[in-house]
Each structure stands twice: as C-alpha cells, then as structure tokens.
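# Report on the structure
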Amino acid sequence: MLKEQTFLRIPGPTPIPPSVQQAMNRPMMGHRSSEASDLISSIKPRLRKVFGSTQDVIILTGSGTSALEAAVVNTVMPGDEVLVIVTGSFGDRFAKICEAHNVTAHRLDVEWGKSFQTEEVRSLLQKNPAIQAVFATYCETSTGVMNPIDSLSEAVNGVSEALIIVDGVSCVGAVETKMDDWKIDIMVTGSQKALMLPPGLAFIAASERAWRRIEDNPSRGFYLDLLKYRKDLQQSSTPFTPAISLLLGLDEALKLLETEGYPEVFDRHTLMKEMTRAAFRALEIPLLTSDADAAETVTSVQPDDFDADAFRKLVKSEFGLSMAGGQGHLSGQIFRIGHMGYCSPADMLQTIAMIEIGLLKIGKNIELGKGVSAAQNVYMSKEGAQ
Ligand SMILES: *Cc1c(COP(=O)(O)O)cnc(C)c1O
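The protein chain is annotated in an unreviewed UniProt entry as Alanine--glyoxylate aminotransferase family protein of Sporosarcina quadrami. The Sequence similarities (unreviewed entry) field of the UniProt record for the protein chain holds the comment "Belongs to the class-V pyridoxal-phosphate-dependent aminotransferase family."

Structure below.
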C-alpha cells in the first residue's frame, strides 16, 4: 500500500486544500507591515459574512479553546452564575472553563446524542434569575448533534438578560450562521474544522450588548482581553504577533468558500450528511443521532455487533482512513466520521467504499456496494432536485 496516502475523516483537524497549503508557504512578513494590515483588512469583512454579523470578528492565535476561554473571562466574573447547556464533551468543557474561573455553572445536562430543548432552557432561567450568561454548543462534535441555536434567543429573551454565548467551532463556515438575526451575543469558531486550515487560529465575535458587558468587566485577563483586540482590529492590526502564515492560508480558504458560494457550501455539507446516513441505514448499522438532530459536519455511528475501536484500527491500517472514536462514556461505543471543510461527496463515496471493506474484514455480514449505492442514490436525487 501507498503508506503516504491518508484519508483524514475525523471532525478536526481536517484536510487542507493544496492552494491553502501553498499560500501558507509564502515568505514571512512583519506583523506591523503594511502587507500584514492589508491582509487583515481584506479578511475582516469576509469573516463577518461567515459569522452572519455586522460586528468585527476577532482573530486569536490559539486553538479553539482559547476563544472559549476568552468568551468566559471577558463576559463574566468570579462569583457570577451562568447556565451551561451540556450536550456532550464540548459543553462539558465550557462548564469546566467557567469553574476554572470560579464562575458558578448551573448545568443543563442533556443525554449524549440528543439536542437540547429550548423550553428547558427557559424554565431553568425562570428559576435562576441571577444567571448572567447561557453557554451552548452549536454542533456538539463529540456526538454529532446540531443544537437549535437559531431559536435559543427566543427562549432566553423575555425571561432573562443573560448573554447567549455559542461554541460554533465544528460548524461555522459549513452551515448557515446568522449571529445577528439569531441574537447570539458571542460566537466562537476555530481554524481547523470547517475553515480548512491547520489548528492555530480562533475566532470570536461579540454583539453590541456583549461589548458593553465586556467594557464593564474589570477582570478580562491579559492575552485574551478582547478590548485590546477590538481596538487594534479597527486599525487592521493585532495586539500580539498573529500566526501570519495561517492568516495567509485563511485569505485563500475564504477565497475558495466565496468562489464556491456560501449557499453551495452549506448544501454540500447537507448532502454529505445525507449520503453518509443513507449508507449506514442501508447497511443496517445504527446511527447515534436522529435525522432531526444530526449534524451536517460529523456523523456518529453506534454499531451493535462489532467493536467500534477495533474497526477504526482496521481501516486505519488497511487504507490509512482515520475516523474518530467516542469521548467520555461513549468511548468504545461509537465511531465518528468528519465530513466538513475540504471534503466533497466524491470523498464520501470513497470513504463509504473503504468502510464497507472494513466491515467485511471485521466479520460483519454485509453486501458490498449497498452503502455506496444508497449514498449514490441520495446524490442523484439531489442532483435531480436542482
Ligand atoms: C474542536 C472543538 C473545539 C476546540 O478544540 P481545540 O482543540 O481547542 O481547538 C471546541 N469546541 C468544539 C465544539 C469543537 O469541535
């Protein structure tokens, strides 16, 4: 086998398009140079579009978690009470960040594999009027669930003044995000998922209401103090040295998304989700999530008659195909297929074909081509509909 060839089908980091890879190899430049500020000023309005906001999107150098922590330290103070909606391990991470900053986190724990119900959020806020912020996860990567972020503000407004803070790391750029229309106060994403870049950049935007809260907060920390970033971004600059190579890559990645067109990008992700789900249905292998809850960017499969981890190991060594395992109590129970960013329906056909061979090799009695054919049929029916 060609050992160098790999198929990275985990929900981040994701594959990098060749033109993005090349853009990142351009010669280094000074971060205070006019070239750097031209680069940032070109990126600025395009990121606002990705977030669906008129607010500037701040670029941090750090993994996605740096922006989650920035969201916490800038908006709430030690002793404050918040509500954290936990639908999986990333919701749990938000709660842990709050606790690390001595913020009291009330948890709404939802069964892993399901999305949260906005009515439950509303009733918890009614019971706890001291809550200053609600933390939620858009796509819960650990389970492959898409949460109802578009209707969260309807549940919060009217009963609470709490800010709505959303982790969109594993889907912003792949699914429609309307931060302003949906009245989201803070939205966060990272570079290594839907944005087709290596890890190392995190993005965070805040509503006007959130900025007022941030301005009044006396303890914003140092490196993650968003007021510093906002001030410098107005001059198309950053307070500290940014990951310049990644910014060059971001410029190119945004170009690719813009050339394809955002509605087409979103449709491609929906199509990949539907192809993947149809394949496992045809193969009679259970999915963790319902159709209504399933994410466009990652699919969780919950086999009932073979070992998920042994299966992943087998296809990794057979084809160089990487899939993710389960986290927390789902460890060993599920495997997760990432289909976001630089990933096409053609990639999914190939992935499903490799998976079928893996299934046979692990001893599962399936008919080769059944999953591929189901995915092909989904593809053809979408083509017909256009
Ligand atoms: C990947 C991911 C993060 C960020 O993780 P890092 O390892 O810090 O980049 C945060 N939230 C979600 C939902 C994610 O999928």
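Still more to cover.
## Considering the sheet that holds strand S14 (residues 335-338)
With respect to topology, three strands assemble into an open sheet ordered S11-S14-S13, the strand pairing being antiparallel. In this open sheet, the two edge strands, each paired with only one partner strand, are strand S11 (298-301) and strand S13 (324-325). In this sheet, S14 lies alongside S11 in antiparallel orientation, the contact comprising four bridges. Bridging across to S14, Thr 299 finds its partner in Ile 337.

## Structural notes on the environment of Met 29
For Met 29, the position within the fold is in the loop between helix H1 (18-24) and helix H2 (34-51). Relative accessible area serves as the criterion here: at 17%, Met 29 is assigned to the buried category. If we skip the residues at most four places from it in the chain, Met 29 touches Glu 35, Ala 36, Leu 39, Ile 244 and Leu 248.

## Some remarks on the side chain of Ser 160
Mapped onto the elements of the fold, Ser 160 is located in the loop between helix H6 (152-156) and strand S8 (163-167). At 2.9 Å, the side chain of Ser 160 forms a polar contact with the backbone nitrogen of Ala 162. In this view, Ser 160 contacts Leu 125 and Ile 131; residues no more than four positions away in its chain are not counted.

## Considering the UniProt feature "domain: Aminotransferase class V" (unreviewed entry) in the protein chain
When the UniProt feature table is mapped onto this chain numbering, "domain: Aminotransferase class V" (unreviewed entry) sits at residues 23-327. Strand forms 17% of residues 23-327 and helix 42%; the C-alpha atoms that close the span are 34 Å apart.

## Overview of the site of the ligand
Contacts to the ligand come from 13 residues, most closely from Ser 63, Thr 65, Thr 141, Asp 167 and Lys 193. One of the side-chain N or O atoms of Ser 63 is found 2.5 Å from an oxygen atom in the ligand. The contact in question runs from an oxygen atom of the ligand to an N or O atom on the side chain of Gln 192, over 2.7 Å. Relative to its free-state accessible area of 380 Å², the ligand is covered by the protein chains to the extent of 88%. Elements that contribute at least two residues to the shell around the ligand include exactly helix H3 (64-75) and helix H4 (89-100). When the residues that make up the shell around the ligand are grouped by side-chain class, the tally is three nonpolar, seven polar and three charged.

## What about the nonpolar core?
Val 121, Tyr 138, Ile 204 and Leu 250 are the most contacted members of the largest nonpolar core, which has 94 residues in total. The biggest single contributor to this core is helix H9 (residues 244-260), with eight residues. Residues contacting Ile 204, with those up to four places away along its chain left out, are Phe 51, Asp 56, Val 57, Ile 58, Leu 60, Ala 67, Ala 70, Ala 71, Ile 186, Met 187, Val 188 and Leu 226. Listed in part, the 23 residues of the second largest apolar core include Leu 283, Val 301, Met 323 and Ile 337.

What counts and what doesn't
Residues numbered from 1 in each chain as written. Predicted model: local features only at pLDDT ≥ 70, side-chain atom pairs only at ≥ 80, totals over all residues. Heavy atoms only, no water. UniProt positions renumbered as here; feature names shortened; annotations may be inferred. Pairing = 2+ DSSP bridges. Helix = DSSP H or I, 4+ residues; strand = E, 2+ residues; numbered from the N terminus. Buried < 20%, exposed > 50% of the residue type's maximum accessible area, 1.4 Å probe, protein only. Contact = heavy atoms within 4.5 Å. Polar contact = N/O pair within 3.5 Å; in protein donor to acceptor, adjacent residues only side chain to side chain. Near = heavy atom within 4 Å. Areas by Shrake-Rupley, 256 points an atom, 1.4 Å probe, with all protein chains shown as cover. Nonpolar A, V, L, I, M, F, W, Y, C, P; charged D, E, K, R; others polar. Core = buried A, V, L, I, M, F, W, Y, C linked by side-chain atoms within 4.5 Å.

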